[in-house]
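Observations on chain architecture
So the chains spell out like this:
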Amino acid sequence: MSLVEDTGFDAIDGGSLAESWRQQPITRAYCSELTADELRAALTAANRMRAPQLREEMVKEFMALGDKITTEDIVRLHRAASGKAIAQSKVAEPLMNQPYTGGCACGAIRYATRHAPVFQNHCQCRDCQRRSGTGHGSYLTFPARAEMTITGEPTHWEVAGDSGNMKIHGFCPVCGTQVYLRFAAMPELIAVPAGSLDEPGRFEPQVLTYRVRALAWDAMDPSLQSFERMPPG
Ligand SMILES: [Zn+2]
Ligand SMILES: [Zn+2]
């Protein structure tokens, strides 16, 4: 990577071998002129499910050109397909222009998602108090857990929350920082602690949960919508 940087380009780690499909033909990161930031966003947003459909469409375009096809045609079609993939991802889901990224304190575990959080809360339950070491935990909960890119090898442990539902905690085995939280009853969701974001100022708490466990010394913003336990539903 440093060799590439010496030549004046910004090197970007493309991830593990299992993620290499993101840079193959028809995906957004292939054969396109992107800046370093755009490439990072393209890699984060690459959607494996859409690749086969785009590939089929492009094969038809290649066939239409017949045997007169040139290298320029191939590059042009790939760039067009890349643009199409970006357009489709914008139409299909409300993806964020700027991904939410973050990780543990030592940097061994990193995550990124282009989804918008569906829930942002402070939680004063006993489990959050124990893990945070203070009066509450602060979380952003995202949809589409499978589409969150996680690099590094988190260690997991499970605990029944105050609600009785199992919570699966992922933490960094090197520095011990909590990096995410999953819920056995809601496998689509994944929550990250607000303080683990690269830009923690993006956290916008809307709700306070488990007010019933609040400690007198842990005063919270009284304008937050608060629930004695979890919001109903
Ligand atoms: Zn770490
Ligand atoms: Zn909690």
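Please refer to the structure higher up on the page.
An account of the accompanying structure is given in this report. (Residues numbered from 1 in each chain as written. Chains lettered and ligands numbered in written order. Predicted model: local features only at pLDDT ≥ 70, side-chain atom pairs only at ≥ 80, totals over all residues.)

**Quick word on the overall build of the protein**
Secondary structure summary: the protein contains five helices and 11 strands in total. Taken over 233 residues, the protein has a buried fraction of 24%. (Helix = DSSP H or I, 4+ residues; strand = E, 2+ residues; numbered from the N terminus. Buried ≥ 20, exposed ≤ 12 C-beta atoms within 10 Å, placed from the backbone.)

**Thoughts on the nonpolar core**
Tyr139, Leu140, Val179, Tyr180, Ala191 and Val192 are the most contacted members of the largest nonpolar core, which has 20 residues in total. For this core, the elements supplying multiple residues, two or more each, are strand S2 (110–113), strand S4 (137–142), strand S8 (178–183) and strand S9 (186–193). If sequence neighbours within four positions are ignored, Tyr180 has contacts with Tyr111, Gly170, Ile190, Ala191 and Val192. (Core = buried A, V, L, I, M, F, W, Y, C linked by C-beta atoms within 7 Å. Contact = placed C-beta atoms within 7 Å.)

**With respect to the sheet that holds strand S1 (residues 100–103)**
Strand order in this open sheet of three strands is S1-S2-S5, and the pairing throughout is antiparallel. Here the strands that pair on one side only, and so sit at the sheet edges, are S1 and strand S5 (149–151). Here the strands of the sheet are splayed against their neighbours by 10 degrees on average, with no regard to which way each runs. Alignment of S2 against S5, held across three bridges, turns out to be antiparallel. Directly across from Tyr111, in S5, lies its bridge partner Ile150. (Pairing = 2+ DSSP bridges. Axes fitted to C-alpha atoms, helices over the stretch in contact; angles between N-to-C directions.)

**Describing the sheet that holds strand S7 (residues 166–171)**
The mixed open sheet is built from eight strands, whose spatial order is S6-S7-S8-S9-S4-S3-S10-S11. The sheet terminates laterally at strand S6 (155–160) and strand S11 (225–226), the two strands that pair on one side only. Bridge count for strand S10 (residues 207–209) against S11 is two bridges, and the pairing is parallel. Of the residues in S11, the one forming a bridge with Leu208 is Ser226.

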